[in-house]
Amino acid sequence: ASIFKIHSNIKKTPSSVLFLGRLSSSKKPIILLEDLKLLKNKNVYFEASFVGNESPGSNYKRTILKKIEEFSLDAEVSLCDGVKNQDTVYIYNRHVIYVNLSISGMYDKTIFEAILSGATPLVCSKDFLREFGENLFVFKENDYLNLNDRLIYLLNPKNLDLINKKKESLLVKVKERHGLKV
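A quick note: this is a predicted structure, and the numbers were derived from the prediction, not measured.

Next up on the list: the pattern of salt bridges. One pass over the full model with this rule turns up seven salt bridges. Salt-bridge contacts for Glu76 lead to Lys40; the nearest nitrogen and oxygen are separated by 3.4 Å. Taken as a pair, Glu76 in the loop between α2 (60–70) and β3 (77–80) and Lys40 in helix α1 (residues 29–41) lie far apart in primary sequence, 36 residues in all. We classify Glu76 as buried; its relative accessible area is 17%. A salt bridge links Glu70 to Lys67, with the nearest nitrogen and oxygen atoms 3.5 Å apart. Residue Glu70 and its partner Lys67 are located together in helix α2, separated by three residues, close to a single helical turn. Judged by its relative accessible area of 23%, Lys67 is partly exposed.

The next point concerns the pairing of strand β4 (residues 97–100). Of the two faces of β4, the one carrying Ile97 and Val99 and the one carrying Tyr98 and Asn100 are both buried. Where strand β1 (residues 16–20) meets β4, two bridges bridge the pair, whose relative direction is parallel. Across the sheet, Leu18 pairs through a bridge with Tyr98, a residue of β4. Relative to strand β5 (residues 120–123), β4 runs parallel, the two being bridged by four bridges. What sits directly across from Val99, in β5, is Leu122.

For the rest of this paragraph, the subject is α1. With 13 residues, α1 extends 19 Å from end C-alpha to end C-alpha; this agrees with the ideal 18 Å at 1.5 Å per step. Of all the positions in α1, only Pro29, Ile30, Ile31, Leu32, Leu33, Asp35, Leu36 and Leu39 are classed as buried. Contact partners of the buried residues in α1: β1, β2 (47–51), α2, β3, β4 and α6 (144–155). Asn43 sits one or two residues past α1 and shows a positive phi near 60°.

Most of β2 sits inside the fold, with four of its five residues counted as buried. Here β1 pairs with β2 via five bridges, running parallel. Directly across from Phe19, in β2, lies its bridge partner Phe50. In this region the chain leaves β1, passes through α1 and returns to the parallel neighbour β2; the handedness of that crossover is right-handed. For β2 and β3, the ladder comprises four bridges, and the chain directions are parallel. Each residue of the ladder has a partner; that of Ser49, found in β3, is Ser78.

The relative placement of two packed helices comes down to the angle between their axes together with the axis-to-axis distance. Across the interface, helix α4 (residues 109–116) lies against helix α7 (residues 160–178) with an axial gap of 10 Å and an inter-helix angle of 125°. Taken together, the axes of α4 and α7 are oblique relative to one another. As α4 packs across α7, the resulting crossing turns out to be left-handed. Along the contact surface, α4 presents Phe112, Ile115 and Leu116, while α7 presents Leu170, Leu171, Val174, Lys175 and His178. Along the lines of polarity and charge, the residues of the contact of α4 with α7 split into six nonpolar, one polar and one charged.

A separate point is the packing of aromatic side chains. Under the defined criterion, the tally for this structure stands at five aromatic pairs. For the ring pair Phe19 and Phe50, a centre distance of 5.4 Å and an interplane angle of 25° mean the geometry is stacked. Remark: Phe50 occurs in strand β2 and Phe19 occurs in strand β1; sequence separation between them is 31 residues. Neither Phe19 nor Phe50 differs from the other in exposure class; each is buried. Between Tyr92 and Tyr98, the ring centres sit 5.6 Å apart and the planes meet at 85°, which makes this aromatic pair edge-to-face. For the pair shown, Tyr92 and Tyr98 are each scored as buried. By the ring-pair criterion, three or more aromatic residues cluster together here, those being Phe4, Tyr92 and Tyr98.

Conventions we followed
Residues numbered from 1 in each chain as written. Predicted model: local features only at pLDDT ≥ 70, side-chain atom pairs only at ≥ 80, totals over all residues. Heavy atoms only, no water. Salt bridge = Lys/Arg side-chain N within 4 Å of Asp/Glu carboxyl O. Helix = DSSP H or I, 4+ residues; strand = E, 2+ residues; numbered from the N terminus. Buried < 20%, exposed > 50% of the residue type's maximum accessible area, 1.4 Å probe, protein only. Pairing = 2+ DSSP bridges. Expected span 1.5 Å × (residues − 1). Contact = heavy atoms within 4.5 Å. Right-handed = clockwise from strand over helix to strand, strands pointing away. Axes fitted to C-alpha atoms, helices over the stretch in contact; angles between N-to-C directions. Parallel < 35°, antiparallel > 145°, perpendicular 65-115°, else oblique. Left-handed = near helix turned anticlockwise from the far one by under 90°. Nonpolar A, V, L, I, M, F, W, Y, C, P; charged D, E, K, R; others polar. Phe/Tyr/Trp six-rings, centres within 6.5 Å; stacked < 30°, edge-to-face > 60°.

These figures capture arrangement, not role.
Structure, rendered in structure tokens:
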């Protein structure tokens, strides 16, 4: 059985957004930070967590910390070191939205781990769209305004019923096609 599952005893942080992965330019965390700055400027409430390690010899974490400060996101954004894969299930379970900015062709298994753990995915992968046909959870690659529109929609409590129905359907498909074992 997969360790990635919904834990009903773990309380989700309201309006929470998660970036989980290697802290590197290829994973595009700065795009998400720019987006979060826009959300804050539009008075949209959120809490965001960036969880991951930088590549050895990289100073990318410092770049992210500078952007958090530059964008005045200190109160809304936390930056945490990476955790072991088996511990990510608890992080996914605590967050409402999991954002993955990996480009098409980099079909990241964390997308499926997040879905199996109850997080709402928000991805730019055309591979995801081709496989699941669900565009509610997809934004255009490198289009931070489209990402911003999707985040605002997914964070709006008025849309929760539709989001949850689509998520349930997606969860069934992911379990059938990508049941993960560790």
